[in-house]
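One-letter residues, chain by chain:
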There are 2 protein chains.
Amino acid sequence: MTSRGGSCNDGASSNSNVSNSTNWTKGVKGFLLDVYGVAYNCGQTFSLIDGSVEAVSKLRKAGIPFRFCSNTSTKTPEKVLERLLEFGFDVKPGEIFTPIPVVKNYLRKHGYRPFILVDPCVDQEFAEFDQSDPNCVVLGDAKHRFSYENLNKAFQMLTDKKDSAIITLGTGKYYKETEGMFLDCGVFAKALEFATDKQSVCIGKPSKEFFTAAMNSMGLKPEETVMVGDDIIGDVQGAQQAGLKGVQVRTGKYRQLVDEPHSYVRPDAYVDNLLQAIEIYLAGKI
Amino acid sequence: MTSRGGSCNDGASSNSNVSNSTNWTKGVKGFLLDVYGVAYNCGQTFSLIDGSVEAVSKLRKAGIPFRFCSNTSTKTPEKVLERLLEFGFDVKPGEIFTPIPVVKNYLRKHGYRPFILVDPCVDQEFAEFDQSDPNCVVLGDAKHRFSYENLNKAFQMLTDKKDSAIITLGTGKYYKETEGMFLDCGVFAKALEFATDKQSVCIGKPSKEFFTAAMNSMGLKPEETVMVGDDIIGDVQGAQQAGLKGVQVRTGKYRQLVDEPHSYVRPDAYVDNLLQAIEIYLAGKI
């Protein structure tokens, strides 16, 4: 779970204006990139964020490894790849990390019978699991499936079964779609935690395991890796708590009044968008 | 809001078996009684809890003042009175406290335009308020009105309006109906608090104001008043934090494994039911 008010391991905490700092680029060899709010905005319509395709092209051209890391549970990595390719991103299979394959492994490993609250379009991904008499609840981008009936069913199961678990594909409070802000699964995980006195297990950002898996796939160390995201908690603080650097973009769900300065998180840098981050980084490499 | 792990002001914290203690009766001159789970169990069917009518008769006969205090927001005090009379309780108008009249006063005083999430059967109670362009959300026993759509509407309003407020008619985690356990409004208040970083205002148990108003109506001091309830947080700890004594019944939503001993609340006494509490008290008076 995201811890509130935890310490940050960045070197910029005494610097209230980190916008123009290039300290964060030192020793960096690779990037983790959020998708929604950094590459493009999603919702009923999708819109590319200015410069993000160019930013990725520049990374590729410079031979800098990167991975897209999204907490989306409405799409498999293959679907995320498809969408990025449609937008013109230079991205390959194996460069996308989402929680769905990770949570499936987790459920298999523990032999869980899940009650799955995810978007209907990924129901098929969980077809292999026995969902009768569940002993855990999996919370993803479920939106209207977060009904009172479903939450109460989860609550009753969690209360009745001693070793039951709350598994969440992220701890985000909200996400931005083109239509506005929407409550994210972290809010419903928090509601069930409060109701049951159980702690949830997070698969996805900001869990250290998720950042580490993506980073390891590039063969890099934490201090050599930067996460660029629009969620100051899930992306920036999460990365910092896993030992990586965290850069906050001013796109997506970024809100000036809340996120800059943030009450307790100090990003390694604020940038206007992904392209600015990559240009600052590459300028330092010359 | 209920604070977790707060200190209790009872005198029994060093006594793990308080069941047979009569210390709690010393100086007591009046009672606050929970309704659901203490007087009767509710749901699609209603069932009287053994001895509760007799207990109230004994109080009346002995001239001991009492008030029924319920966080129900599916009924007005008048409706609660009606139901109690149907069950045969010796109770009068003015002896019932519920949050609905209190929250209406609160909304009037602050000039709030509420977005009201309560049971449809009390919608009419709020007819006087302008509910367009709301600047606060009121959370009661709303059950299926706690939909994703409504919670997101509340979230968006709370985020968009700087001085907006979350008002909750209790902070309970769950309540018991004859059909099982159900998530209470405290869980949804917690979800909105987490999503918005705003603190909710509680009207009803366990707010000190609510206990105090009921106690004051009997002309008693905190140390002269006992709350008898089935919710160890909302009833027992809440009363203790307001300076009253708190007695836990083993009826209603009481769960032996969770509530006795509780991980951090020490009731002034555990009793099998309301009748036992009143008999212990009256025995000490002879």
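Because the structure is predicted, anything quoted here is derived from the model rather than measured.

Caption draft 1: Structural detail: the sheet that holds strand β13 (residues 245-249) of chain B. All names here are of chain B. The parallel open sheet is built from six strands, whose spatial order is β5-β4-β1-β12-β13-β14. The outermost strands of the open sheet, each flanked by one partner alone, are β5 (96-97) and β14 (269-271). Where strand β4 (residues 66-69) lies against β5, two bridges are found, and the strand directions are parallel. In the strand pairing of β5, Phe68 is matched with Ile96.

Caption draft 2: Quick peek at the sheet that holds strand β12 (residues 225-229) of chain A. Residues and elements named next belong to chain A. Pairing within the open sheet is parallel, and its six strands lie in the order β5-β4-β1-β12-β13-β14. A single partner strand is all that each edge strand has here, and the edge strands are β5 (96-97) and β14 (269-271). Both β12 and strand β13 (residues 245-249) contribute to a ladder of four bridges, which runs parallel. Within β13, the position partnered with Met227 by the bridge is Gly246.

Caption draft 3: Highlighting the nonpolar core. Within the largest apolar cluster, 52 residues are counted, with the highest numbers of intra-cluster contacts made by A:Val137 and B:Val137. Apart from residues lying up to four places away in sequence, A:Val137 is in contact with A:Phe115, A:Leu117, A:Ala154, A:Met157, A:Leu158, A:Ala165, A:Ile166, A:Ile167 and A:Leu192.

Caption draft 4: Up close: the relation of the copies chain A and chain B. Placing chain A over chain B gives an RMSD of 0.0 Å and needs a rotation angle of 180 degrees, together with 0.0 Å of translation along the axis. Considering both components of the superposition, the chain copies are consistent with a two-fold axis. The overlap is high: 100% of the interface residues of chain A also sit at the interface in chain B, so the same surface is used on both sides.

Caption draft 5: Up close: the pairing of β12(A). All names here are of chain A. Counting buried positions along β12 yields five of five residues, so the element is predominantly enclosed. Burial of β12 is two-sided: the residues Thr225, Met227 and Gly229 facing one way and the residues Val226 and Val228 facing the other way are all buried. Pairing geometry for strand β1 (residues 30-33) and β12, over four bridges, is parallel. Residue pairing in the sheet places Phe31 in a bridge with Val226 of β12. Viewed along the sheet, the connection from β12 through helix α7 (residues 232-241) into β13 turns out right-handed.

Caption draft 6: Summary view of the environment of B:Tyr112. All names here are of chain B. Among the secondary structure elements, Tyr112 is positioned in the loop between α3 (99-110) and β6 (114-117). Assessed through its relative accessible area of 15%, Tyr112 is described here as buried. In this structure the C-alpha to C-alpha distance between Tyr112 and Asn135, which are 23 residues apart in sequence, comes to 6.4 Å. Discounting chain neighbours no more than four positions away, the residues touching Tyr112 are Tyr106, Leu107, Phe129, Asn135, Cys136, Asp163, Ala165 and Ile167.

Caption draft 7: Local environment of the pattern of salt bridges. Under the counting rule described, the total for this entry stands at 38 salt bridges over all chains. Across the pair A:Asp272 and A:Arg250 runs a salt bridge whose closest N-O atoms are separated by 2.5 Å. With a gap of 22 residues between them, A:Asp272 in the loop between β14 and α9 (274-285) and A:Arg250 in the loop between β13 and α8 (256-259) connect regions that are remote in the sequence. Owing to a relative accessible area of 38%, A:Asp272 belongs among the partly exposed residues under this scheme. Residue classification places A:Arg250 among the partly exposed positions, given a relative accessible area of 25%. Between B:Glu177 and B:Lys143 there is a salt bridge, and its shortest N-O distance comes to 3.3 Å. A residue pair is termed long-range when its members are at least 10 positions apart, and B:Glu177 in strand β9 (residues 174-177) and B:Lys143 in the loop between β7 (136-139) and α4 (148-160) qualify at 34 residues. According to the relative accessible area criterion, B:Glu177 is buried, its value standing at 14%.

Caption draft 8: Fine view of the state of the cysteines. Residue and element names in this part refer to chain A. Evaluated as defined, the whole model comprises zero disulfides over all chains. Lacking any disulfide linkage, Cys185 is separated from the closest cysteine sulfur, that of Cys202, by 7.7 Å. On the accessibility criterion, Cys185 (2% relative accessible area) is buried.

Caption draft 9: Here's a closer look at the interface of chain A and chain B. Counting from both sides, the interface comprises 29 residues of chain A and, opposite them, 29 residues of chain B. Carbon and sulfur atoms make up 69% of the surface buried where chain A meets chain B, a total of about 2700 Å² over both sides. Among the residues of chain A in contact with chain B, A:Tyr148, A:Leu183 and A:Phe194 are the three that bury the most area, contributing 32% of the side total. Seen at the junction of chain A and chain B, the total is two salt bridges. A salt bridge links B:Lys173 to A:Asp197; the nearest nitrogen and oxygen atoms lie 2.7 Å apart. Across the chain A-chain B interface, the total number found is 12 residue pairs in polar contact (both at pLDDT 80 or more). Sorting the residues of the side of chain A that touches chain B by element identifies α4 (148-160), β9 (174-177), β10 (180-183) and α5 (185-196) of chain A as the ones contributing at least two each. When the residues that make up the side of chain A that touches chain B are grouped by side-chain class, the tally is 14 nonpolar, eight polar and seven charged.

Caption draft 10: Representation of the environment of B:Glu125 in the model. Residue and element names in this part refer to chain B. Within the fold, Glu125 resides in the loop between β6 and β7. Once residues within four sequence positions are removed from consideration, Glu125 is found in contact with Thr76, Ile100 and Lys104. A polar atom in the side chain of Glu125 sits 2.9 Å from the side chain of Lys104.

Caption draft 11: How the structure looks around the confidence of the model for chain A. Across chain A, pLDDT averages 91, with 93% of residues at or above 70. Across residues 1-17 of chain A the pLDDT falls below 50, and counting only partners more than four positions away or on other chains, this stretch makes 35 contacts in the model.

Caption draft 12: Quick peek at the packing of aromatic side chains. Scanning all chains against the criterion turns up 26 aromatic pairs over all chains. With 4.1 Å between their ring centres and 10 degrees between their planes, B:Phe146 and B:Phe188 make a pair best called stacked. Pair noted here: B:Phe146 is in the loop between β7 and α4 and B:Phe188 is in helix α5 (residues 185-196), with a separation of 42 residues, a long-range link. The exposure classification of B:Phe146 matches that of B:Phe188, with both residues buried. Aromatic ring contacts, followed pair by pair, group A:Tyr36, A:Tyr40, A:Phe46 and A:Phe87 into a single cluster. Above the plane of the ring of B:Tyr174 lies B:Lys253, whose end atom (NZ or CZ) is 5.5 Å from the centre.

Cut-offs used in this document
- Residues numbered from 1 in each chain as written.
- Chains lettered and ligands numbered in written order.
- Predicted model: local features only at pLDDT ≥ 70, side-chain atom pairs only at ≥ 80, totals over all residues.
- Heavy atoms only, no water.
- Pairing = 2+ DSSP bridges.
- Helix = DSSP H or I, 4+ residues; strand = E, 2+ residues; numbered from the N terminus.
- Core = buried A, V, L, I, M, F, W, Y, C linked by side-chain atoms within 4.5 Å.
- Buried < 20%, exposed > 50% of the residue type's maximum accessible area, 1.4 Å probe, protein only.
- Contact = heavy atoms within 4.5 Å.
- Least-squares fit on C-alpha atoms with pLDDT ≥ 70 in both.
- Right-handed = clockwise from strand over helix to strand, strands pointing away.
- Salt bridge = Lys/Arg side-chain N within 4 Å of Asp/Glu carboxyl O.
- Disulfide = S-S within 2.5 Å.
- Buried area = accessible area lost by both parts, 1.4 Å probe.
- Polar contact = N/O pair within 3.5 Å; in protein donor to acceptor, adjacent residues only side chain to side chain.
- Nonpolar A, V, L, I, M, F, W, Y, C, P; charged D, E, K, R; others polar.
- pLDDT = per-residue confidence, 0-100.
- Phe/Tyr/Trp six-rings, centres within 6.5 Å; stacked < 30°, edge-to-face > 60°.
- Lys NZ or Arg CZ within 6 Å of the ring centre and 35° of its normal.

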